Amino acid sequence: MTSHPRDTPQFYLTAPSPCPYLPGQEERKVFTHLVGRRARDLNEILTQGGFRRSQTIAYRPACESCRACVSVRVVVEDFAITGSQRRILQRNAGLIGTPEPNRPASEQYALFRRYLDARHGDGGMVDMTVLDYAMMIEDSHVDTHLVVYRERGPDSAIHGRGVGAPVAVCLTDVLADGLSMVYSFYDPEQASRSLGTYMILDHIQRARALGLPYLYLGYWVDGSRKMDYKAKFLPQERLMPQGWVRVE
């Protein structure tokens, strides 16, 4: 009989369900648990292999008839900002993002709730309660934190923190080779500020400051308008059958 160490990962396959990105398609995922003393190392390996993290689960698509979901990571050092992206940074110069422990707060959940209701009213997360939100934020065995964006105040230059209620929030994992944006949300009433793009640009700057080569953005889905924005951060690498392929 073959024996396995107790912390050897076991992988499972979900049942087919409707694809949230491409009409008429079904999705399946392969997943494993990120727990125990090896959780951080396992998350590193799996992220480099195209997995994403959700709480203590690492997953990736395993669809039988579709390969549209492609893992994407921005090449931080070579990133070439466009004119429109530069204007987005200027438009949000009044914001300051502060790294904070991954602890949930009522003001975060209020923002999260408004974001879901306005942007993803028909999505799978729309029924998440405050307890579900708390689990999403703090249930982690890897190196993770929140970046909370608030308006700059008169003393922000001194203590590095904004003031008032959060305008945007990102749950961010720190990996050996980059940052991974696990989940982000923002004030839907400030859509004109392009806060989603701004947070990516800000995380590129954060990764560069830390000397990390990549920013992991999750899955780009060819043919899905929801995911088109990820293709605009170049150069980037996409995980293909032959490995990570650079796209200029």
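All values derive from a computational prediction rather than experimental measurement.

> Which parts of the structure should I look at to understand the UniProt feature "domain: N-end aminoacyl transferase N-terminal" (unreviewed entry) in the protein?
Per the UniProt record, "domain: N-end aminoacyl transferase N-terminal" (unreviewed entry) is found at residues 17-87. Between the end C-alpha atoms of residues 17-87 the distance is 40 Å, and the span holds 21% helix and 34% strand.

> Help me out: how do you make sense of the pairing of strand 12 (residues 214-221) in this one?
One face of the sheet, then the other: side chains in a regular strand alternate in exactly this way. Counted residue by residue, strand 12 has 8 buried out of 8 residues, so it is predominantly covered. In the sheet, strand 7 (residues 69-75) pairs with strand 12 via 7 bridges, with the strands oriented antiparallel. The residue of strand 12 that forms the bridge with Arg73 is Tyr216. Across 3 bridges, the pairing between strand 11 (residues 178-186) and strand 12 is parallel. Looking across to strand 12, one finds that Gly178 is bridged to Tyr214. The parallel pair strand 11 and strand 12 is bridged by helix 6 (residues 195-209), and the resulting crossover is right-handed.

> So what exactly am I meant to see when it comes to the sheet that holds strand 12 here?
Strands belonging to one sheet form pairs held by backbone hydrogen bonds; the direction of such a pair is parallel or antiparallel. Spatial strand order, 8-9-10-11-12-7-13-14: 8 strands in an open sheet with mixed pairing. Looking along the sheet, the strands with just one partner apiece sit at the ends: strand 8 (95-100) and strand 14 (243-247). Pairs of neighbouring strands in the sheet enclose a mean axial angle of 35 degrees, with direction left out of account. Helix-sheet contacts for helix 1 (residues 39-48) involve strand 10 (163-175), strand 12, strand 13 (236-240) and strand 14, and the interaxial angle to strand 10 is about 90 degrees.

> I tried to follow the packing of helix 2 (residues 83-91) against helix 6 on my own but got confused; where do I start?
Between two packed helices, what matters for the description is the angle formed by their axes and the separation of those axes. Following both chains from N to C, one finds helix 2 and helix 6 inclined at 90 degrees, their axes separated by 9 Å at the closest point. Taken together, the axes of helix 2 and helix 6 are roughly perpendicular relative to one another. Along the contact surface, helix 2 presents Gln85, Ile88 and Leu89, while helix 6 presents Thr197, Tyr198, Leu201 and Gln205. Its residues assigned to classes, the contact of helix 2 with helix 6 shows 4 nonpolar, 3 polar and no charged.

About the cut-offs
- Residues numbered from 1 in each chain as written.
- Predicted model: local features only at pLDDT ≥ 70, side-chain atom pairs only at ≥ 80, totals over all residues.
- Heavy atoms only, no water.
- UniProt positions renumbered as here; feature names shortened; annotations may be inferred.
- Helix = DSSP H or I, 4+ residues; strand = E, 2+ residues; numbered from the N terminus.
- Buried < 20%, exposed > 50% of the residue type's maximum accessible area, 1.4 Å probe, protein only.
- Pairing = 2+ DSSP bridges.
- Right-handed = clockwise from strand over helix to strand, strands pointing away.
- Axes fitted to C-alpha atoms, helices over the stretch in contact; angles between N-to-C directions.
- Contact = heavy atoms within 4.5 Å.
- Parallel < 35°, antiparallel > 145°, perpendicular 65-115°, else oblique.
- Nonpolar A, V, L, I, M, F, W, Y, C, P; charged D, E, K, R; others polar.

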